[in-house]
Amino acid sequence: MGVGKSTVGQLLAERLGVGYRDTDEDIVTAQGRAIAEIFVDEGEAAFRDLEKEAVRSALVEHGGVLALGGGAVLDADTRVLLAAQRVVYLSMDVEEAVKRTGLNAARPLLAVNPRKQWRELMEARRHLYEEVAAAVVATDGRNPEQVAQAVLDAVELTVSPGGQLPDPRPEDAVVNDVTKIQVGGTAGSDPYEVLVGRQLLGELGGLIGAMAKRVAVIHPEALAETGDALRADLAEQGYEAIAIQVPNAEEAKTAEVAAYCWKALGQSGFTRTDVIVGVGGGASTDLAGFVAATWLRGVRWIAVPTTVLAMVDAAVGGKTGINTAEGKNLVGSFHPPAGVLCDLAALDSLAVNDYVSGLAEVIKAGFIADPAILDLIESDPEAARTPTGPHTAELIVRSIKVKAEVVSSDLREAGVREILNYGHTLGHAIEKNERYKWRHGAAVSVGMHFAAELGRLAGRLDDATADRHRSILEAVGLPLHYRYDQWPKLVENMKVDKKSRGDLLRFIVLDGLAKPTVLEGPDPAVLLAAYGEVGE
């Protein structure tokens, strides 16, 4: 409702050179009265009967663009008929929906409380829209011309001779739907889902659940507007919602900031049935998870990551923590979230350097487990650098699946989970040496270059795979080198790495592509030689 389907439908018909038809208009013409009057005079059930017949007739008689009423999919017979058609679901966020429909008296289902009633309607209908849709096109922030073009792009529409749309082909069913990735629960933790898609915030209330009375939204200063909008939306849903603003990036991951959050929770009367929502990049979700793990010895929390790094790494797996002067993430807890919402729309406004930094974790997943990731990036490195690239969603989903599979079998990093630290031993040492002013992905990129050279010199990794590290990291704009004179400091930093055992340094290296393993106590001369390829 209010998504602009009539305007978009007419634009599509014009571009395709076909006719346009609207089942709502068919009903109004046949009945000689407005839809709102039918609702008042005869009730919704009577209107649905009229709507069902109007859709059936239109599908038989019409061969161009057809716009359906928002409730048409409620009928099971109609959904069966639509299964043979090329259906596009035009989606819209609740705030935009209220803005467009809130004052429109002609919409009988939104007459009293537009925000609440729109949300309730969407909870009942969204899964049906997604069930029948061959493609989902978000309309938020787009004018009708842009939406029309997005529809054409999404389903690759072409016009057959005679001005009729061709029959749908299976390959045309390009679904821009929500991907759900299960993360298994172990060691007393419950399994949870990572949702990847667009316009996902409507799922937040369902994850929070009915038992919670209070919700705290922890967000960085850079996302002040987002945090406050989330708080307001949750308050509209009946929760006692507060927003807790914390510093940006790694400056948030301190004991002082955690204590500030604990104080806010205490003053709000936060109990064990209440929920924390962490919004932002990896540092914000790390902090939110740590605060949730430590408040009352553990409350539920939900991650809403807004960067590539946070989506593919920090928000998945339940590792939470803060930094100390001695190192990164040395204080923390394993506390899995109740769910993760990866809304790809958040990436559209991400600065290019932040986006590219996150690709380091994506590339890491490719080297340790899923080489298809590397193939996708190498096919078009420039496109991989932007959220509008053709493979963005697939790259993020594949990376999350790699981590989900690993952490599901090793929640507490007792064994196989260590492979996720590929490139991180030196990477964390660089971050500490730079007082966390370097982006995490940039440091991990240098760390992977080092790990590849270490694997090669240790006789583990073939030359072609080692060289591939340099080429793919460089192709997307990630750094390969760090200051040569800092090696002694980096060695000292690595000695407090979480993988170290006593004075024994341990590194994740590759025995081959997608064959990670542990290298314990390498010869210091081999380490220095490997860093010689990295230092400058």
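Because the structure is a prediction, the values reported are computed rather than measured. Note on numbering: residues in each chain are counted from 1, in written sequence order. Given that this is a predicted model, residues contribute local features only at a pLDDT of at least 70 and side-chain atom pairs are listed and counted only at 80 or more, while totals for whole chains, interfaces and linings are drawn from all residues. Values shown for side chains rest on all heavy atoms present in the structure; no hydrogens or waters enter the calculation.

Quick look at the sheet that holds strand 6 (residues 192-197)
1) Next: Two strands form a pair only when DSSP identifies at least two bridges running between them. To qualify as a helix, a DSSP run of H or I must reach at least 4 residues; to qualify as a strand, a run of E must reach at least 2; elements of each kind are numbered from the N terminus. The 7 strands are arranged 5-6-13-10-9-7-8 in an open sheet whose pairing can be described as mixed. The open sheet has two edge strands with one neighbour each: strand 5 (179-183) and strand 8 (240-246). With direction set aside, neighbouring strand axes in the sheet form an average angle of 15°.
2) Next: Note: strand 7 (residues 214-220) against strand 9 (residues 275-280), 4 bridges, orientation parallel. Across the sheet, Val215 pairs through a bridge with Val275, a residue of strand 9.
3) Next: Against the sheet, helix 10 (residues 224-236) makes contact with strand 7, strand 8 and strand 9, and its axis sits at roughly 170° relative to strand 7, the strand it touches most. The angle between two axes is taken between their N-to-C directions and runs from 0 to 180 degrees, where each axis is a line fitted to C-alpha atoms and a helix contributes only its stretch in contact. By the convention used here, residues are in contact when the closest approach between their heavy atoms is within 4.5 Å.

Quick look at the side chain of Ser399
1) Next: Mapping Ser399 onto the fold places it in helix 17 (residues 392-409).
2) Next: On the accessibility criterion, Ser399 (3% relative accessible area) is buried.
3) Next: For Ser399, the contacting residues outside a window of four places in its chain are Val312, Val362, Ala365 and Ile373. Working definition: with a 1.4 Å probe on protein chains only, accessible area under 20% of the residue-type maximum means buried, over 50% means exposed, and in between means partly exposed.

Focus: the pairing of strand 9
1) Next: When you tally the buried positions in strand 9, you get 6 out of 6 residues, the bulk of the element.
2) Next: In strand 9, alternate side chains face the same way, and those of Val275, Val277 and Val279 on one face and Ile276, Gly278 and Gly280 on the other are all buried.
3) Next: Pairing geometry for strand 9 and strand 10 (residues 300-305), over 6 bridges, is parallel. In the strand pairing of strand 10, Val279 is matched with Val304.

Observations regarding unusual backbone geometry
1) Next: The phi torsion at Leu296 lies on the positive side, around 55°, for a residue other than glycine.
2) Next: Structurally, the position occupied by Leu296 is in the loop between helix 12 (282-294) and strand 10.
3) Next: Its relative accessible area of 34% is what places Leu296 among the partly exposed residues.
4) Next: At Ala514, a residue that is not glycine, the phi angle is positive and equals roughly 65°.

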